[in-house]
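# Structure at a glance
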Amino acid sequence: MAEHEHVRVAVIGSGFGGLGAAVRLRREGITDFVVLERAGSVGGTWRDNSYPGCACDVPSHLYSFSFAPNPDWPRTFSGQEHIRAYLEHVADTFGLRPHIRLNHEVVMMRWDGDALRWEIETAQGRLSADVVVSATGPLSDPKTPDIPGLDGFPGKVFHSARWDHDYDLRGKRVAVIGTGASAIQIVPAIQPDVARLTLFQRTPPWVMPRLDRAITGPERWLHRQLPFTGKARRGLLFGIRELQVTAFTKHPNQLGAIESLAKANMAKAIKDPHLRAKLTPSYRIGCKRILLSSSYYPALAQRNVDVVASGLREVRGSTVVAADGTEAEVDAIVFGTGFHVTDMPIAERVVGADGITLAEAWKDGMESLRGATAAGFPNWMTIIGPNTGLGNSSMILMIESQLNYLADYLRQLRVLGGRAALGARASAVHAWNRRVQDRMKRTVWNTGGCDSWYLDANGRNTTIWPGTPSEFRRATRAVNLAEYEVIRARSEQETAGDRTGAVTGAAEAVA
Ligand code: NAP
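Note that the structure is a prediction, hence the values are computed from the model and not measured.

## Considering the overall build of the chain
- Each helix and strand in the chain was counted, giving 15 helices and 21 strands.
- For 511 residues, the compact-globule estimate of 2.2 N^0.38 gives 24 Å, and the C-alpha radius of gyration of the chain, at 24 Å, lies within 12% of that figure.
- For the chain, the spread of C-alpha atoms along the three principal axes comes to 85 × 55 × 45 Å.
- Each of the 511 residues in the chain was classed as buried or not, and the buried ones make up 54%.

Next up, the structure:
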């Protein structure tokens, strides 16, 4: 086999998860690592999603790393370009650039059970790593539904996460497909410019007002001069959301009161009762992500907008046809139809100890241990893995908890010494998932009467964490070695075997 580079850790992806992992590795004193990024710059989903109106619906002082506070956030809810610039800044400030390999898409990674390492094939050659941290994120691969006739559409087609900025939407007839978090930001941003906007709404979302405002100069000055004020602001935002969680996880009925606020938000802008009826959801608020916008409903009330309360079924020439038969002739189709979340494409590219891919191992649904590791995939860890999503708070909190787990995992490997790997025990993975799914039963995501991207093809919620971010932090503070097998390299095992006479295989679980 040709010689190639070997590193202690290969991180895949350079969004919040990958850059966070890189900072954490450096802080743990590990410098022998690379960050493999498929694109030409860092930023992950905040690089890819540049659609008009793209912004975060979690306040920036909470939607940022605790170890990299930014006193200069310009707005309470920052726009995509500011978040992207923040991530570039993190890459610079923490000295991550020398580790980052841009345009290095990972094509395949295979566990080598003899050498106890991952063989990684990238778009630019091969390398190997003792540990892989897969930080590819759940919102990285856009999902466009298979619509009959779409191939023959003569106009422009693109997905919200692959916005074509060279295409001028001004004066065009545009169909927007979907009414998720992305679409409801796109609609008010393009409505004033387009000739006609036809919105295909399969399921109406619950939309609450977005209390966005510029952060004033004095506030920023205060956060710069007295950093504890920025921390206090973050703490408050964190605490409010922490208190809200039980309504989502244990007492969905309490969320009814919020539905009235959302209805009032709609009634303020939508005066036509027929349109209001179309836009009113019939499931419990919170079952799907609660959307925040103060401009979505006002945009829908404009004369150049049609809301079709039905999904897109087919395309005939330049005519888009809804499932209820409604037709519209359009120049462009914008898909705001989300991402491959429960069927992450990266899983096809990971081949574990038993020679099967992670996608095969997860064919009946994603299952991990503490959102991080998977049985049969030693020394492989994912950031924002199964059941680590949040319904109402900042994902950066969950990412930082996973980084704690990563740091302890690497410490444990160091303590074990020699060439060793940790493999999640199947029994531990099952026990963890039983607990997670047990708690899930009462949550609004499972009982709220909706179908959402939180659920996989079998209707199982494999994306959301059914507790508070603090509970997850406690559950991931340290690696419990009893949940893992310690796998030793053959040479070391033979040495041990010479002493005990118990050598049976190449690399085998010894604990
Ligand atoms: P999404 O929430 O998965 O929404 C996809 C939308 O497409 C849904 O409304 C879905 O309808 C609809 N759809 C799918 N196929 C359709 C068809 N054939 N016809 C009509 N509609 C169809 O995707 P997203 O809006 O991109 O958001 C994904 C996630 O990204 C969010 O939940 C959030 O976590 C994140 N995000 C966050 C922000 C932020 O502010 N922080 C902004 C954007 C996105 P159904 O509801 O009927 O399935």
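## Observations regarding the site of the ligand
- Taken together, 26 residues surround the ligand, and among them Asp57, Ser182, Thr203, Lys288 and Leu312 come closest.
- Take alanine 55: an N or O atom from its main chain is 2.9 Å from an oxygen atom of the ligand.
- Within the side chain of arginine 289, one N or O atom sits 3.3 Å away from an oxygen atom of the ligand.
- For the ligand, whose accessible area on its own is 910 Å², the fraction buried by protein is 87%.
- Residues of the shell around the ligand, tallied by class, amount to twelve nonpolar, ten polar and four charged.
- Taken together, domain 1 (5–141 + 340–482) and domain 2 (150–211 + 238–335) each give at least three residues to the shell around the ligand, which thus spans both.

## Some words on the packing of helix α5 (residues 217–225) against helix α6 (residues 227–249)
- Running from amino to carboxyl end, α5 crosses α6 at an angle of 110°, the nearest separation of the two axes being 4 Å. With respect to their mutual orientation, α5 and α6 come out roughly perpendicular. Between α5 and α6, the contacting residues are Glu219, Leu222, His223, Arg224 and Gln225 on the first element and Pro227, Thr229, Gly230 and Arg233 on the second.
- In the contact of α5 with α6, the residues fall into two nonpolar, four polar and three charged.

## A short note on unusual backbone geometry
- At isoleucine 384, a residue that is not glycine, the phi angle is positive and equals roughly 55°.
- Here isoleucine 384 is to be found in the loop between β18 (380–382) and α11 (395–416).
- Positioned with a positive phi, asparagine 387 is a non-glycine residue whose angle comes to about 55°.
- By the element assignment, asparagine 387 lies in the loop between β18 and α11.
- Overall, the relative accessible area of 2% leaves asparagine 387 in the buried class.

## Description of the sheet that holds strand β8 (residues 173–177)
- Sheet architecture is open: five strands sit in the order β7-β16-β8-β9-β12, paired in parallel fashion. Each end of this open sheet is capped by a strand with a single partner; those strands are β7 (156–159) and β12 (305–308). In this sheet, adjacent strand axes meet at a mean angle of 15° when their direction is disregarded.
- Pairing analysis gives five bridges linking β8 to strand β9 (residues 196–200), with the strands arranged parallel. Across the sheet, residue isoleucine 177 finds its bridge partner in β9, namely phenylalanine 200.
- Contacts between helix α4 (residues 183–190) and the sheet are confined to β8, β9 and β16 (332–335), with β8 contributing the most and set at about 165° to the helix.

## Overview of the domain arrangement of the chain
- According to the domain assignment, the chain contains domain 1 (5–141 + 340–482) and domain 2 (150–211 + 238–335).
- One C-alpha centre belongs to domain 1, the other to domain 2; they are set 29 Å apart.
- Counting from both sides, the interface comprises 38 residues of domain 1 and, opposite them, 32 residues of domain 2.
- Around 3,000 Å² of area is buried between domain 1 and domain 2 when both sides are counted, 54% of it from carbon and sulfur atoms.
- Ranking the residues of domain 1 by area buried against domain 2 places Tyr51, Asp57 and Asn392 at the top, with a combined share of 22%.
- At the junction of domain 1 and domain 2, the tally comes to two salt bridges.
- A salt bridge links arginine 289 to aspartate 57; its shortest N-O distance comes to 2.5 Å.
- Our enumeration of links across domain 1 and domain 2 arrives at 13 residue pairs in polar contact (both at pLDDT 80 or more).
- Of all the secondary structure elements, the ones that give two or more residues to the side of domain 1 that touches domain 2 are α13 (444–447) and α14 (469–475).
- Looking at the side of domain 1 that touches domain 2 element by element, the count peaks at three residues for α13.
- Along the lines of polarity and charge, the residues of the side of domain 1 that touches domain 2 split into 17 nonpolar, 15 polar and six charged.

## Topic: the sheet that holds strand β15 (residues 327–329)
- Strands sit in the order β13-β14-β15 across an open sheet of three strands; the sheet is antiparallel. Here the strands that pair on one side only, and so sit at the sheet edges, are β13 (312–316) and β15. Put simply, the sheet's adjacent strands are angled 25° from each other on average, direction ignored.
- Here strand β14 (residues 319–322) pairs with β15 via three bridges, running antiparallel. Bridge pairing in β15 links threonine 319 to glutamate 329.

## Examining empty space enclosed by the protein
- Taken as a whole and judged by the stated rule, the model has three cavities of 30 Å³ or more.
- Around the largest cavity sit Val245, Phe248, Thr249, Leu390, Gly391, Asn392, Trp445, Trp465 and Gly467, which together line it.
- For the lining of the largest cavity, the element with the highest residue contribution is α6, accounting for three residues.
- Both domains that meet at the lining of the largest cavity, namely domain 1 (5–141 + 340–482) and domain 2 (150–211 + 238–335), each give it at least three residues.
- In this structure, the second largest cavity occupies an estimated 40 Å³ of space.

Reading the values: the criteria
- Residues numbered from 1 in each chain as written.
- Predicted model: local features only at pLDDT ≥ 70, side-chain atom pairs only at ≥ 80, totals over all residues.
- Heavy atoms only, no water.
- Helix = DSSP H or I, 4+ residues; strand = E, 2+ residues; numbered from the N terminus.
- Rg over C-alpha atoms; globule rule 2.2 N^0.38 Å.
- Buried < 20%, exposed > 50% of the residue type's maximum accessible area, 1.4 Å probe, protein only.
- Near = heavy atom within 4 Å.
- Polar contact = N/O pair within 3.5 Å; in protein donor to acceptor, adjacent residues only side chain to side chain.
- Areas by Shrake-Rupley, 256 points an atom, 1.4 Å probe, with all protein chains shown as cover.
- Nonpolar A, V, L, I, M, F, W, Y, C, P; charged D, E, K, R; others polar.
- Domains from an automatic or database assignment.
- Axes fitted to C-alpha atoms, helices over the stretch in contact; angles between N-to-C directions.
- Parallel < 35°, antiparallel > 145°, perpendicular 65-115°, else oblique.
- Contact = heavy atoms within 4.5 Å.
- Pairing = 2+ DSSP bridges.
- Buried area = accessible area lost by both parts, 1.4 Å probe.
- Salt bridge = Lys/Arg side-chain N within 4 Å of Asp/Glu carboxyl O.
- 1 Å grid on protein atoms, 1.4 Å probe; cavity = no way out; pocket = protein on both sides within 12 Å on 5 of 7 lines; lining within 4 Å.
- Points joined across faces, edges and corners; volume = space filled by probe spheres on them.

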